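Here is what each chain is made of, one letter per residue.
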Number of protein chains: 2
Amino acid sequence: MTSKAKDPKPRPTRNDAQRQSILEAASRLFIEKGFGGTNINDIADAVGSTRTALYYYFPSKETMLEALTEEVTEKASALAQSVSGRDELPADEALRLLIRQHAGLILSHPVQFRVVERSESSLPEPHRSAAQNARRALLNHFVRVIQRGIDGGQFRRGANARIAAFSIIGMCNWSAWWFDAGGEMPADTVADTIVDFGLRMLLPESPRRARASGIEDAVGQMREALTVFEAQLKTSPKR
Amino acid sequence: MTSKAKDPKPRPTRNDAQRQSILEAASRLFIEKGFGGTNINDIADAVGSTRTALYYYFPSKETMLEALTEEVTEKASALAQSVSGRDELPADEALRLLIRQHAGLILSHPVQFRVVERSESSLPEPHRSAAQNARRALLNHFVRVIQRGIDGGQFRRGANARIAAFSIIGMCNWSAWWFDAGGEMPADTVADTIVDFGLRMLLPESPRRARASGIEDAVGQMREALTVFEAQLKTSPKR
């Protein structure tokens, strides 16, 4: 479950690794100098390669941006789709997975995510529409799972599924602006914390599970109640 | 309290209104064409003014960006500062205010916020450093209030104040990407919902208030427990 969120690849070949390092260098330059302000030579210099060698992988800056959009925006919607259709999963479990996957994706591609967000207007059609559709699909997968949880009683009645979906996705996406891969908080810890926050936003005041769990809980509840009575008796003046 | 979050101005003069409409037109163009791709003539055309008239308000594109940064980034940190120092406020009340103000600011300046985020590398010094400091200060105000709540028991022990602050600020900031001022959800509803989500992320499982509220609650708890016993007795086979 956890490892899925990290999108493991089956052992990269030399070519994959080179392609990846080109995309990483391009992302950093697009952020620093803007998409318009970066040229192919800058990217070749940054990866210690030649312009010609670069063309083998990417015929233009635009194709790099397309590849980045596939890696982030389209990947995000594909990951979410793989969960939102699984109606056999309890809604809270499905939401847990959705958040874990999305946070994991952003935390492993923060610079790429910011490039894609920032440079969408430079993305040629039909890739631009594809990216917009993917973003809309991601939102809909979240809304669908959250609404299922509200209707089924796992999540609070009256919660707004749409604002919740936007807020949870926003909490994940914003990590691209602050997460420091070399910092003291590991990505896994951050992702788990975001999952926890996202679920707490929606779980009912007293979760159903607790209420339905029978005799043992009931005994605990009575004991707690008796403690309150006892405390009250002690503090009540002259009785 | 609520009205404060909207940052009411004391009745704009004609000049303020013109200045504001220049900044709004500039923001939209910076988003569409990029900061580098927009020139003063485009902005003058968009507000139906002349280049010369524009110079009366802003001598350059950079000064517009400076003004936008003041309106959003520096304003955000000033608003937060006005709350985070008020130690007489219970931490949950202080956090409620912090989120309400920040969400209100972003929801009333979504395009401006995106411009500022996107164009920071075009911002001349010392404004660039000032913006970075303001963002850091905003974070610290949130962390301070959340940590006070954790230490004081209003918020869950073990919650990570820093990730919580980033997540709540992210949830607010991301609304700049999705909120539609002309849409069916009013900004106030969205802001209130975000406040509610932010607090739920941090409140303890059974809020202290409920636990401490005495006899009446204890009776309710015992009654609930008895219902569970009763149900169990009914379903237990052959007793």
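Check the entry above for the structure.
Residues numbered from 1 in each chain as written. Chains lettered and ligands numbered in written order. Predicted model: local features only at pLDDT ≥ 70, side-chain atom pairs only at ≥ 80, totals over all residues. Heavy atoms only, no water.

A look at the overall build of chain A
- Summing up its helical and strand segments, chain A has 11 helices and zero strands in all.
- What you see in chain A, going N to C, is helices and strands ordered as α-α-α-α-α-α-α-α-α-α-α.
- As presented, chain A carries roughly 12,000 Å² of accessible surface, and 51% of it is formed by carbon and sulfur atoms. (Helix = DSSP H or I, 4+ residues; strand = E, 2+ residues; numbered from the N terminus. Areas by Shrake-Rupley, 256 points an atom, 1.4 Å probe, with all protein chains shown as cover.)

A look at the side chain of B:Glu66
- Structurally, B:Glu66 can be placed in helix H4 (residues 61-84).
- Of the buried charged residues, B:Glu66 lacks a salt bridge, with B:Arg19 as the closest side chain of opposite charge at 8.8 Å. (Buried < 20%, exposed > 50% of the residue type's maximum accessible area, 1.4 Å probe, protein only. Lys, Arg positive; Asp, Glu negative; His and termini not counted. Salt bridge = Lys/Arg side-chain N within 4 Å of Asp/Glu carboxyl O.)

Considerations on the nonpolar core
- One finds A:Leu95, A:Ile146, B:Leu95 and B:Ile146 to be the most contacted residues of the largest nonpolar core, which totals 98 residues.
- Residue contacts for B:Ile146: discarding those within four places in its chain leaves B:Leu95, B:Phe155, B:Ala161, B:Ala164, B:Ala165, B:Ile168 and B:Leu202. (Core = buried A, V, L, I, M, F, W, Y, C linked by side-chain atoms within 4.5 Å. Contact = heavy atoms within 4.5 Å.)

Structural notes on the pattern of salt bridges
All names here are of chain A.
- Tallying each qualifying case throughout the model produces 22 salt bridges over all chains.
- Across the pair Arg 135 and Glu 120 runs a salt bridge, and its minimum N-O distance is 2.7 Å. Residue Arg 135 is found in helix H7 (residues 127-152), and its partner Glu 120 is found in the loop between helix H6 (110-119) and H7; the two are separated by 15 residues along the sequence.
- Residue class for Arg 135 comes out partly exposed when judged on its relative accessible area of 37%.

Quick word on the packing of helix H8 (residues 161-178) of chain A against helix H9 (residues 187-200) of chain A
All names here are of chain A.
- Interaxial distance between H8 and H9 falls to 10 Å at its minimum, and their mutual angle equals 155°. With respect to each other, H8 and H9 are oriented roughly antiparallel. Two packed elements cross with a definite hand, and for H8 against H9 that hand is right-handed. Contact residues: Ile 168, Met 171, Cys 172 and Trp 178 in H8; Val 190, Ile 194, Phe 197 and Gly 198 in H9.
- Residues of the contact of H8 with H9, tallied by class, amount to seven nonpolar, one polar and no charged. (Axes fitted to C-alpha atoms, helices over the stretch in contact; angles between N-to-C directions. Parallel < 35°, antiparallel > 145°, perpendicular 65-115°, else oblique. Left-handed = near helix turned anticlockwise from the far one by under 90°. Nonpolar A, V, L, I, M, F, W, Y, C, P; charged D, E, K, R; others polar.)

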